[in-house]
Amino acid sequence: MTDHAVAKPKPSWILSLAVCVMLVLIWGLLQLVVVNSFVFSLTYVLPLLVCVWTREKRLLWFMVGAFAGMATIAVFHVSPEPVHHGPDVWLIYFMMLINAGVGGLIVHFIMK
């Protein structure tokens, strides 16, 4: 059996939780504080990829839910005033939700 065929052990639950929470906090800081002067669709798929390493589906869907909440806050509460009432606000919002949801589904199936 070659080395690349040997399954690596999962990281501990505490380490997995700490890494996932840290990534959610970093993405929240970027989305809600750093680029809050305009709506910037920061992809949520990159931090979700850490769940391929942790192999924890609960943490994956926790992160997807947190990112959906961040998208809601970013679009409706933090973004500049003209964006709140612009015609594309729902399009922007749903595209952010689709990004997190489809990314979560893809990572979920990668973990199988």
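Just so it is clear, the model here is predicted, and its values are computed rather than measured.

Visitor: Pulling in residues and values, what's your account of the packing of aromatic side chains?
Guide: In this structure the tally under the stated criterion is six aromatic pairs. Relative to Trp-90, the ring of Phe-76 has its centre 5.1 Å away and its plane inclined at 50°; by these criteria the two rings are tilted. Pair noted here: Phe-76 is in helix 4 (residues 57-78) and Trp-90 is in helix 6 (residues 89-110), with a separation of 14 residues, a long-range link. Look at Phe-76 and you get partly exposed, because its relative accessible area is 24%. These aromatic residues form a ring-pair network of at least three members: Phe-76, Trp-90, Tyr-93 and Phe-94. For Arg-58, the ring lying beneath its charged end belongs to Trp-13, and the centroid distance is 4.5 Å.

Visitor: Can you explain the pattern of salt bridges? Please cite residues and give values.
Guide: A full pass over the atoms with the stated rule returns two salt bridges. A salt bridge links Glu-56 to Lys-10, with the nearest nitrogen and oxygen atoms 3.1 Å apart. One end of the pair, Glu-56, is in the loop between helix 3 (50-54) and helix 4; the other, Lys-10, is in the segment before helix 1 (13-34), and 46 residues separate them in sequence. Given a relative accessible area of 9%, Glu-56 falls into the buried group. One salt bridge connects Glu-56 with Arg-58, and the closest N-O pair in it is separated by 3.4 Å. Take Arg-58: its relative accessible area is 58%, and that puts it in the exposed class. Counted as one network, the salt bridges with shared partners bring together Lys-10, Glu-56 and Arg-58.

Visitor: Please set out the nonpolar core residue by residue, giving values where relevant.
Guide: Residues Tyr-44, Leu-48, Val-50, Cys-51, Met-63 and Phe-67 are the most contacted members of the largest nonpolar core, which totals 25 residues. Mapped by element, the contributors of at least two residues to this core are helix 1, helix 3, helix 4 and helix 6. The element contributing the most residues to this core is helix 4, with nine residues. Once residues within four sequence positions are removed from consideration, Tyr-44 is found in contact with Trp-27, Gln-31, Phe-67, Met-70, Ala-71, Met-96, Asn-99 and Ala-100.

Visitor: Lay out the confidence of the model for the protein chain in plain terms, naming residues and giving numbers.
Guide: Considering every residue of the protein chain, the mean pLDDT works out to 86; 81% of them sit at 70 or more. Per-element confidence in the protein chain ranges from a low mean pLDDT of 59 for helix 5 (residues 81-85) to a high of 95 for helix 3.

Visitor: Hey, could you go over the side chain of Ser-16 for me, with residue numbers and the actual values?
Guide: By the element assignment, Ser-16 lies in helix 1. Taking relative accessible area as the criterion, Ser-16 reaches 0% and is therefore assigned buried. Sequence-distant contacts of Ser-16, that is, excluding residues within four places in its chain, are made with Pro-11, Thr-54, Glu-56 and Leu-59.

Reading the values: the criteria
Residues numbered from 1 in each chain as written. Predicted model: local features only at pLDDT ≥ 70, side-chain atom pairs only at ≥ 80, totals over all residues. Heavy atoms only, no water. Phe/Tyr/Trp six-rings, centres within 6.5 Å; stacked < 30°, edge-to-face > 60°. Helix = DSSP H or I, 4+ residues; strand = E, 2+ residues; numbered from the N terminus. Buried < 20%, exposed > 50% of the residue type's maximum accessible area, 1.4 Å probe, protein only. Lys NZ or Arg CZ within 6 Å of the ring centre and 35° of its normal. Salt bridge = Lys/Arg side-chain N within 4 Å of Asp/Glu carboxyl O. Core = buried A, V, L, I, M, F, W, Y, C linked by side-chain atoms within 4.5 Å. Contact = heavy atoms within 4.5 Å. pLDDT = per-residue confidence, 0-100.

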